[in-house]
Amino acid sequence: MGRDQAALEDVLRHLRPARARIDLDRLASNYGALQRLVPVPVMPVVKADAYGHGALPVARRLLAAGAPLLAVAYVEEAVALREEGISVPIVVLAAYGPGQERVLRQHDLTPVVSTPRTLEGVLTPSREGKRPLKVHLKIDTGMSRLGFDRDAFLAAAQRLVQASGVELEGVMTHLASADEDRDVTGRQLDRFDDAVAALATRGIRPRYVHACNSAGLAQRRETHTLVRPGLLVYGIRPRPLSPEVDVRPVMTVSADIALIKTIPEGTPVSYGGRWVAPRPSRIGTVPMGYADGVPRTEAMRDQGALVVRGRRVPVRGTVCMDLTMVDLTERPEVAEGDEAVLVGDDPDAWQVADWAGTNAWEVVTRIGPRVPRVYVEEGRVTGVQSPFVRA
Ligand SMILES: *Cc1c(COP(=O)(O)O)cnc(C)c1O
């Protein structure tokens, strides 16, 4: 970041012509839309390298847009942000290992305590860290994943508020079907509200009460004092249930067509020759394959498409590790060097997810590290991230 345009373009010349363009202005505008949607702080989730968008530049832009705290899944993700100078509170959502309390205290991180072993860990007196370790305690209200059952949750909260060296800053739960089923979600939120009320009768009122991921924002309760969306921050709406909020995709993944060749009728294309030209065809080869996140599924081969000059062109033959072929027979105006889009506004992440047999979350998190992340602000390249170059 902070390098001039010419230097960044020189960096890009070291890489093949493919990129995940990350529109940081859209990111900031999505965050603003979410913050206007709810009257409580929005804690954006930047786990899994900010859903494939690049954790550090994304975190920095979200902080500039007003995010008061961040969430990641794992300790190492939080430590990496700390080492880059990110000083806001960072909540570690997923399970960490017993014995990692020292690292959490050293880096002033906020773990979610969701297992008996990590509960004992944070209750163990420690000389590490200047301040008490802030923790959020998780109740399992229907996900059957991490978190304590109601009685164990109440008992754990009691122990945490009585212990020294640790502070119960938050309580939370996670919704299993917020994007699919309003009734199931309503029942989970009832159980959560009930447990939060039970804590209050014991005089325990943590600062942060949170349950809502992106889809859950549609059913947020008055009891909540924090929300934690991921997908919507990146401009992708959960499906079929989503809150009404105006967000746009932040990431556009594309590569420039390397070669266009005309093949006679009857010519097989790609490994296994699973597509055979039914007529003389113009085939374009795109320098991006399954190692980069192009799904290697039958549906991608048979129905998938990339977008070139604003229109879809069908994928032909099996997607390879490094390359994907497309049919340009009906697009004589398309030339070598034209950009072919895998995912962005069109096809969007849900369209690609349908071809891949998965969801939009997996589509964006699977864009491989070999694809450089190119950061754009006000139409200008302001940063490049790739394991192959220092920029
Ligand atoms: C990933 C995650 C989120 C964000 O989920 P989205 O559906 O992407 O909004 C929220 N809470 C927890 C516990 C998570 O693991």
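Above: the structure in question.
I will try to describe carefully the structure that is included in this document. (Residues numbered from 1 in each chain as written. Predicted model: local features only at pLDDT ≥ 70, side-chain atom pairs only at ≥ 80, totals over all residues. Heavy atoms only, no water.)

### Quick word on the pairing of strand β4 (residues 110-113)
Residues in a regular strand point their side chains to alternate faces of the sheet. Rules: The classification of residues rests on relative accessible area computed with a 1.4 Å probe and restricted to protein chains. Under 20% of the type maximum is buried, over 50% is exposed, and intermediate values are partly exposed. Numbered from the N terminus, helices here are DSSP runs of H or I no shorter than four residues, and strands are runs of E no shorter than two. When DSSP finds two or more bridges between two strands, those strands count as paired. Think of it like this: strands point away, you trace from the first strand over the helix to the second, and a clockwise trace means the crossover is right-handed.
Of the two faces of β4, the one lined by Thr 110 and Val 112 and the one lined by Pro 111 and Val 113 are each fully buried. Sheet topology note: the strand β3 (residues 90-92)/β4 ladder contains two bridges and is parallel. What sits directly across from Val 91, in β4, is Thr 110. Crossover β3 to β4 through helix α6 (residues 101-106) is right-handed. Two strands pair when backbone bridges link them, and β4 and strand β5 (residues 133-138) are joined in this way by two bridges, in the parallel orientation. The partner of Val 112 across the bridge, within β5, is His 136. Where the polypeptide runs from β4 across helix α7 (residues 116-123) and back to β5, its parallel neighbour, the crossover connection is right-handed.

### Quick look at the packing of helix α8 (residues 150-162) against helix α9 (residues 182-201)
To characterise two packed helices, one gives the angle between the axes of the helices and the distance between these axes. What counts, and what does not: Whenever a helix is involved, its axis is fitted only over the stretch in contact; in every case the axis is a line through C-alpha atoms, and angles between N-to-C directions fall within 0 to 180 degrees. Should the near helix be turned counterclockwise from the far one by less than a right angle, the crossing is left-handed, whereas a clockwise turn marks it as right-handed. Throughout, a residue-residue contact means that at least one pair of heavy atoms, one from each residue, lies within 4.5 Å. Residues are grouped as follows: Ala, Val, Leu, Ile, Met, Phe, Trp, Tyr, Cys and Pro are nonpolar; Asp, Glu, Lys and Arg are charged; every other residue, Gly included, is polar.
Put simply, α8 and α9 touch, their axes get as near as 11 Å, and they point 35° apart. In the crossing of α8 with α9, the sense of the turn from one axis to the other is right-handed. Every residue of α9 that contacts α8 at Arg 150, Phe 153, Leu 154 and Ala 157 is listed here: Asp 194, Ala 195, Ala 198 and Leu 199. Residues belonging to the contact of α8 with α9 are distributed by class as follows: six nonpolar, no polar and two charged.

### A short note on the layout of surface pockets
Unoccupied space between atoms shows up once a probe the size of one water molecule is rolled over them. Keep this limit in mind: Lining residues are those with an atom within 4 Å of a point, where the points come from a 1 Å grid over the protein atoms alone and group into cavities, where a 1.4 Å probe fits but cannot get out, or pockets, open sets with protein on both sides within 12 Å along at least five of seven lines. Grid points are joined across faces, edges and corners, and a volume is the space filled by probe spheres set on the points. These domain limits were set by an automatic method or by a database of domain assignments.
By volume, the largest pocket amounts to about 690 Å³. Counting residues per element, the ones that place at least two in the lining of the largest pocket are α3 (47-52) and α12 (360-365). With three residues, the top contributor of residues to the lining of the largest pocket is α3. A per-class count over the lining of the largest pocket returns 18 nonpolar, seven polar and five charged. Two domains each donate at least three residues to the lining of the largest pocket, and these are domain 1 (24-234) and domain 2 (251-371). Each pocket or cavity is described by its volume, and for the second largest pocket that value is around 360 Å³.

### Regarding the side chain of Lys 138
To be explicit about the condition: Charge counting follows a simple rule: Lys and Arg are positive, Asp and Glu are negative, and His as well as the terminal groups are ignored. In what follows, salt bridge is the name for a side-chain nitrogen of Lys or Arg lying within 4 Å of a carboxyl oxygen of Asp or Glu.
Inspection of the secondary structure assignment puts Lys 138 in strand β5. We note that Lys 138 is buried and unpaired, the nearest opposite charge coming from Asp 140 at a distance of 7.9 Å. In contact with Lys 138, other than residues within four places in its own chain, are Val 112, Val 113, Ser 114, Arg 145, Leu 146, Gly 147, Phe 148, Phe 153, Met 172, Thr 173 and His 174.

### Topic: empty space enclosed by the protein
Inspection of the entire model under this criterion finds two cavities of 30 Å³ or more. Split into classes, the residues belonging to the lining of the largest cavity amount to seven nonpolar, two polar and one charged. The volume enclosed by the second largest cavity comes to roughly 30 Å³. What lines the second largest cavity is simply Lys 138, Ile 139, Asp 140, Thr 141, Met 143, Arg 145, Leu 146, Thr 173 and His 174. Residue composition of the lining of the second largest cavity, by class: three nonpolar, three polar and three charged.

### Side note on the site of the ligand
Rule in force here: Whether a residue is near a molecule or strand depends on its heavy atoms: if one lies within 4 Å, it is near. Residues adjacent in sequence count toward polar contacts only when both atoms are side-chain atoms; beyond that, a polar contact is any pair of N or O atoms within 3.5 Å, and within protein one must be able to donate a hydrogen and the other to accept it. The Shrake-Rupley method, run with a 1.4 Å probe, gives the accessible areas here. Residue values count only the displayed protein chains as cover.
By nearness alone, every residue bordering the ligand is listed as Val 45, Lys 47, Tyr 51, Leu 93, His 174, Asn 213, Ser 214, Arg 228, Pro 229, Gly 230, Leu 231 and Trp 361. Contact distances for the ligand include 2.7 Å between an oxygen atom and a backbone N or O atom of Gly 230. The separation between an oxygen atom of the ligand and a polar main-chain atom of Leu 231 is 2.9 Å. When the ligand sits alone it has 390 Å² of accessible area, and the protein chains cover 91% of it.

### Quick notes on unusual backbone geometry
In this model, Arg 239 is joined to Pro 240 through a cis peptide bond whose omega is -5°. With respect to the secondary-structure elements, Pro 240 resides in the loop between β7 (208-210) and β8 (251-256). Cis peptide bonds are those with omega within 30 degrees of zero, and the linkage from Asp 346 to Pro 347 qualifies with -10°. If you trace the backbone, Pro 347 turns up in the loop between β16 (339-343) and α11 (349-356). A positive phi angle, near 55°, is found at Asp 49, a position not held by glycine.

### Thoughts on the environment of Val 326
Mapping Val 326 onto the fold places it in strand β15 (residues 324-327). The sequence separation of Val 326 and Pro 314 amounts to 12 residues, and the corresponding C-alpha distance is 5.5 Å. Apart from residues lying up to four places away in sequence, Val 326 is in contact with Arg 282, Ile 283, Gly 284, Val 286, Leu 306, Val 313, Pro 314, Val 315 and Arg 316.

### Overview of the packing of aromatic side chains
The line we're drawing: Whether two aromatic rings pair depends on their centres lying within 6.5 Å, for rings of Phe, Tyr and Trp, where Trp uses its six-membered ring; planes under 30 degrees apart make the pair stacked, over 60 edge-to-face, and the rest tilted.
A complete count under the given rule lists two aromatic pairs for this structure. Note on Trp 350 and Trp 361: the rings are 5.9 Å apart at their centroids and 90° apart in plane angle, and the pair reads as edge-to-face. Remark: Trp 361 occurs in helix α12 and Trp 350 occurs in helix α11; sequence separation between them is 11 residues. Under the relative-accessibility criterion, Trp 350 is labelled buried at 12%. Overall, Trp 361 belongs to the partly exposed group, its relative accessible area being 24%.

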